[in-house]
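Coordinate analysis (summary)
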Number of protein chains: 2
Amino acid sequence: MTATQASTAGKIVAAAERRMRESGFHGFSFRDIAADVGIKSASVHHHFPTKEDLGAAVAEAYTKRLIDALGDPNDPQRTPEALIALYVDVYRQGVQKGRQTCLGGMIACELTSLPNEVGRGGAVFFERSLSWLEAVLRRKPPTAEPEAVQAQALRLLALLQGAALIAKGLHRKDAFDLAVKSILE
Amino acid sequence: MTATQASTAGKIVAAAERRMRESGFHGFSFRDIAADVGIKSASVHHHFPTKEDLGAAVAEAYTKRLIDALGDPNDPQRTPEALIALYVDVYRQGVQKGRQTCLGGMIACELTSLPNEVGRGGAVFFERSLSWLEAVLRRKPPTAEPEAVQAQALRLLALLQGAALIAKGLHRKDAFDLAVKSILE
DNA sequence: GTCTATAATTTGATAGAC
DNA sequence: GTCTATCAAATTATAGAC
């Protein structure tokens, strides 16, 4: 049950996602979200009773949107290389759009202080992302020394997570491209 | 001016570092730190008047400790490969010791909601880390297609950051080793 | 579904005694 | 340097009118 962007619930989730990715789960309040959307904090609670509910909804919507945007990893119309480039571009957009790092990375960072359902949402995000990457990588012709597909997917995801983090921490968007350019070669 | 571990100020910084790396800057309070050290929150304020002061002190101590532990990147007694392995081990220890990710990554994650001096401390950490890595990589014999040392260092740091994050988010410590094993080959 | 009003708690921070 | 006591503000969350 993912709210559309047009509904109030959808606007709330969108605002909360942006805030979470910029500032972390504890870096925004119900009042912040209410102000973003143009309503009062009590109305936010009407749609998402607790902050745990809101955080879990954000994680679920974020994961679904990513997987939907990526599409079928086995689509014969698209080469594995093109699919990988598409995946890299998702992260690049977050970096370019303004200091938004991956929601999964943010959840992992603050994990110990997060409500259970939010942490679970982050784990699901990583699992789905890795499954998609593994499916794509399985299509590539095996190299001379075939690295386990699982390890390749982990390495790819880790590189993107870290590159986005460094670019944000250093205020250097070009650091992202420098770090990940080897992927596309 | 870095407090020793034995002093109260040192214990406060150590406790704050652990909490920041596990839970984020907004994931702990002065009262939490006071309880960890065995004093009252007013006493914590005596050593670090504001949370910004405390966060900046943690970042500075963390950076200094890492660089000190790594030592001279041009030490002829140690090969570049051994130095890289040492660097990887620093991150592995954080993962193994229990869900502690890199402080620099955590600061980058929450950047927008952090006090200025804390954010600056995170940037300094990344700069110092990259400088050390670049110095080590400059010693390696250039490969056929010489990748820029700067890009190599960024890629290495990003991979470690991301691998630690994924391991924490998935509760899978083995994910870290799988993701970074290619570095050591 | 949104609002006003407010409860209950926590937080960063200060004053002042010892 | 540590304590007790307390403040002012912010936070999550709820009750009830419209």
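See the structure above.
Below is a short write-up of the structure.

What counts and how
Residues numbered from 1 in each chain as written. Chains lettered and ligands numbered in written order. Predicted model: local features only at pLDDT ≥ 70, side-chain atom pairs only at ≥ 80, totals over all residues. Heavy atoms only, no water. Near = heavy atom within 4 Å. Polar contact = N/O pair within 3.5 Å; in protein donor to acceptor, adjacent residues only side chain to side chain. Helix = DSSP H or I, 4+ residues; strand = E, 2+ residues; numbered from the N terminus. Nonpolar A, V, L, I, M, F, W, Y, C, P; charged D, E, K, R; others polar. Buried < 20%, exposed > 50% of the residue type's maximum accessible area, 1.4 Å probe, protein only. Least-squares fit on C-alpha atoms with pLDDT ≥ 70 in both. Contact = heavy atoms within 4.5 Å. Buried area = accessible area lost by both parts, 1.4 Å probe. Salt bridge = Lys/Arg side-chain N within 4 Å of Asp/Glu carboxyl O. Axes fitted to C-alpha atoms, helices over the stretch in contact; angles between N-to-C directions. Parallel < 35°, antiparallel > 145°, perpendicular 65-115°, else oblique.

1. Comments concerning the protein's contact with DNA strand D
The immediate surroundings of DNA strand D are formed by 17 residues, with R31 and K51 of chain A together with K40, S43 and H47 of chain B found nearest. Close to the protein, within 4 Å, the atoms of DNA strand D are drawn from sugar and phosphate at a rate of 54%. A distance of 3.1 Å separates a phosphate oxygen of DNA strand D from a polar backbone atom of F30 of chain A. Those elements that provide at least two residues to the surface near DNA strand D are helix 2 (30–37) and helix 3 (41–47) of chain A together with helix 3 (41–47) of chain B. With four residues, the top contributor of residues to the surface near DNA strand D is helix 3 of chain B. Along the lines of polarity and charge, the residues of the surface near DNA strand D split into six nonpolar, seven polar and four charged.

2. Some points on unusual backbone geometry
Residue and element names in this part refer to chain A. Even without being glycine, H171 reaches a positive phi, approximately 55 degrees. When you line up the elements, H171 lands in the loop between helix 8 (149–170) and helix 9 (173–180). Taking the relative accessible area as the measure of exposure, H171 reaches 55% and is therefore exposed.

3. Some remarks on the relation of the copies chain B and chain A
It takes a turn of 180 degrees to lay chain B on chain A, together with a shift of 0.0 Å along the axis; the resulting RMSD is 0.0 Å. Read as a symmetry element, the transformation amounts to a two-fold axis. Most of the interface of chain B is mirrored in chain A, where 100% of its interface residues are also at the interface.

4. So, the side chain of D75 of chain B
Residues and elements named next belong to chain B. Tracing the chain through its elements places D75 in the loop between helix 4 (51–70) and helix 5 (80–96). D75 gets classed as buried once you look at its relative accessible area, which sits at 18%. A polar contact is formed between the side chain of D75 and the backbone nitrogen of Q77, at a distance of 2.8 Å.

5. Side note on the interface of chain B and chain A
Every contact between the two is made by 43 residues of chain B and, on the other side, 43 residues of chain A. Interface area lost by chain B to chain A is led by C109, L165 and I166 of chain B, which between them contribute 16%. Counting the contacts that link chain B with chain A gives zero salt bridges. Scanning the region where chain B abuts chain A turns up 10 residue pairs in polar contact (both at pLDDT 80 or more). Where the side of chain B that touches chain A is concerned, the elements lending two or more residues are helix 1 (8–23), helix 6 (103–110), helix 7 (116–137), helix 8 (149–170) and helix 9 (173–180) of chain B. With 15 residues, helix 8 of chain B is the single largest residue contributor to the side of chain B that touches chain A. Residues that form the side of chain B that touches chain A fall into these classes: 19 nonpolar, 14 polar and 10 charged.

6. Observations regarding the packing of helix 5 of chain B against helix 7 of chain B
All names here are of chain B. Viewed as axis vectors pointing N to C, helix 5 and helix 7 meet at an angle of 150 degrees, and their least axial separation amounts to 9 Å. The pairing of helix 5 with helix 7 is recorded here as roughly antiparallel in orientation. Here P80, L83, I84, Y87 and Y91 of helix 5 lie close against helix 7, whose contacting residues are F125, S129, W132, L133, V136 and L137. Tallied by class, the residues present in the contact of helix 5 with helix 7 amount to 10 nonpolar, one polar and no charged.

7. Thoughts on the pattern of salt bridges
Counted under the stated rule, the structure contains 22 salt bridges over all chains. Here D177 of chain A ties to R92 of chain A by a salt bridge, and the two come within 2.0 Å at their closest N and O atoms. Placement of the pair is D177 of chain A in helix 9 and R92 of chain A in helix 5 (residues 80–98), with a sequence separation of 85 residues. Residue classification places R92 of chain A among the partly exposed residues on the basis of a relative accessible area of 21%. Here E22 of chain B ties to R18 of chain B by a salt bridge, and the two come within 3.6 Å at their closest N and O atoms. Of this pair, E22 of chain B and R18 of chain B both sit in helix 1, four residues apart, roughly one helical turn. Overlapping salt bridges bring together E17, R21 and R65 of chain A as one network.

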